[in-house]
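Reading the structure
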Amino acid sequence: MSKQLPAIETLFTDVGQLIADARGRVAVAVNAEMSMLYWRVGKRINDEVLQGKRAEYRQQTIILLAQRLTEMFGKGWSEKSLRHCLRSAETFTETEILSAVQRQLSWTHIKSLMYLPDNLQRAFYMEMCILEQWSSRLLDDRIRSMLFERTAISKKPEKIIERELAGLKDNNRVSPELVFRDPYVLNFLGLSETYSEKDLEGAILAELQRFIIEMGSDFAFMARQKRITIDNRDYKIDLLFYHRRLKCLVAIDLKMGEFEAGHKGQMELYLRYLEKYEQVAGENAPVGLILCSGKNEEHVELMQLGQSNIRVSQYLTLLPPREVLQEKLHRAIEIAKNKLANSDEN
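The written sequence of each chain sets the order in which its residues are numbered from 1. Side-chain atom pairs in this predicted model are given and counted only at pLDDT of 80 or more, local residue features only at pLDDT of at least 70, and totals for whole chains, interfaces and linings cover all residues. With hydrogens and water excluded, all non-hydrogen atoms of the structure serve as input to the side-chain values.

Considering the packing of helix H6 (residues 119-132) against helix H9 (residues 158-171)
- Convention adopted: a line fitted to C-alpha atoms gives each axis, helices being fitted over their contacting stretch, and angles between N-to-C directions are expressed from 0 to 180 degrees. Secondary structure is summarised from DSSP: a helix means a run of H or I of at least four residues, a strand means a run of E of at least two, and numbering begins at the N terminus for each. Put simply, H6 and H9 touch, their axes get as near as 10 Å, and they point 25° apart. Considering the angle they form, H6 stands roughly parallel to H9. For the pair H6 and H9, the crossing hand works out as left-handed. Residue-level inspection shows Leu120, Ala123, Phe124, Glu127, Met128 and Leu131 of H6 in contact with H9, the latter providing Glu158, Ile161, Glu162, Leu165, Leu168 and Lys169.
- Each residue gets one label: Ala, Val, Leu, Ile, Met, Phe, Trp, Tyr, Cys and Pro are nonpolar, Asp, Glu, Lys and Arg are charged, and the others, such as Gly, are polar. Per-class residue counts for the contact of H6 with H9 are 8 nonpolar, no polar and 4 charged. Just so you know how the angles are binned, under 35 degrees is roughly parallel, over 145 roughly antiparallel, 65 to 115 roughly perpendicular, and the rest oblique. Put simply, a crossing is left-handed when the front helix is turned counterclockwise from the back one by less than a right angle, and right-handed when it is turned clockwise. Any two residues having at least one pair of non-hydrogen atoms within 4.5 Å are treated as being in contact.

Structural data, given as structure tokens:
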């Protein structure tokens, strides 16, 4: 009898896995079918009943239809649910909704996306959600923290944004503009009002999983206080990561206060060392990210950091009110796009 136990354990594991896999496929299929149903319901109502009708007629029709559907099919067909259906049909084409469900976005994901006001914004969150396999809750968190506006791509002209998102969708191609953000929101670190660079680094390591979620799921942690020796002098890189899709090392330097010109030279030294001694065949040149608690925009601009593969971002240990963050980010986007427009004219 005892000899049969290992065989039973293996059989149990295998059969259990078959059941779990089948349940997963059924859940995906049901979700896809329900999402398509909601879209078709919305299209039917919108195209054949409500198109061009007065607001009062639209309101009354939805109320009556919700009552009748609830009487026949039970919960799930309230007036609010029908309005979600309508919104999905107004926002997405049939091809777009089919693509979304085929790429395993749930109806909950779709509801969050379809209320975004801007098409490029919506496309960004959809592609990043699929790429990094966000839960619907994480998608909502990303939208609330204004990830699109914090990502470098948002400061580019619309045609470039469209091209980058098309490359992500069609070829799974990721550019640095889609990866790096400014500012980074590190409110989960739980730092007091006064803290040191060492405190900041320690808090990041203690909350490494959440830090990587904020940075992006393709970042892989490699080392802290990475020691490098140049001309018999020791230096330490605060944090070293590897980005899978960019295929490069990412050196992170943590700074208190605002960006200073001297920070560039220090990071350049780190990057040239990594390029010479750590970079392997097939990898791209390493990237430097200087995280500061503040930024001097003109300093950053005049230093022409992009030529050295260096980026500077602010970090926030407390998330400000959405209105404050929104105003700050929209102003930064407007300034960046105006500078691009002026440089093109010159």
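As for the pattern of salt bridges
- Whenever a carboxyl oxygen of Asp or Glu lies within 4 Å of a side-chain nitrogen of Lys or Arg, that contact is scored as a salt bridge. Throughout the structure, instances matching the rule amount to 17 salt bridges.
- The closest approach of N and O atoms between Arg227 and Asp234, which form a salt bridge, is 3.3 Å.
- Burial here depends on accessible area, computed with a 1.4 Å probe over protein chains only, as a share of the maximum for the residue type. Under 20% is buried, over 50% is exposed, and the range in between is partly exposed. Overall, the relative accessible area of 47% leaves Asp234 in the partly exposed class.
- In this structure, Asp253 engages Lys255 in a salt bridge whose closest nitrogen and oxygen atoms are separated by 3.4 Å. With respect to burial, Asp253 and Lys255 carry one shared label: buried.
- Each member of the salt-bridge network shares a partner with another, and the members are Arg142, Arg150 and Glu214.

Some details on the sheet that holds strand E5 (residues 287-294)
- The strand order E1-E6-E5-E4-E3-E2 describes an open sheet built from 6 strands, whose pairing is mixed. Each having just a single partner strand, strand E1 (184-185) and strand E2 (219-230) make up the two edges of the open sheet.
- Pairing of E2 with strand E3 (residues 233-243) involves 10 bridges; the strand directions are antiparallel. Within E3, the position partnered with Phe221 by the bridge is Phe241. Strand pairing is assigned whenever DSSP identifies at least 2 bridges connecting the two strands.

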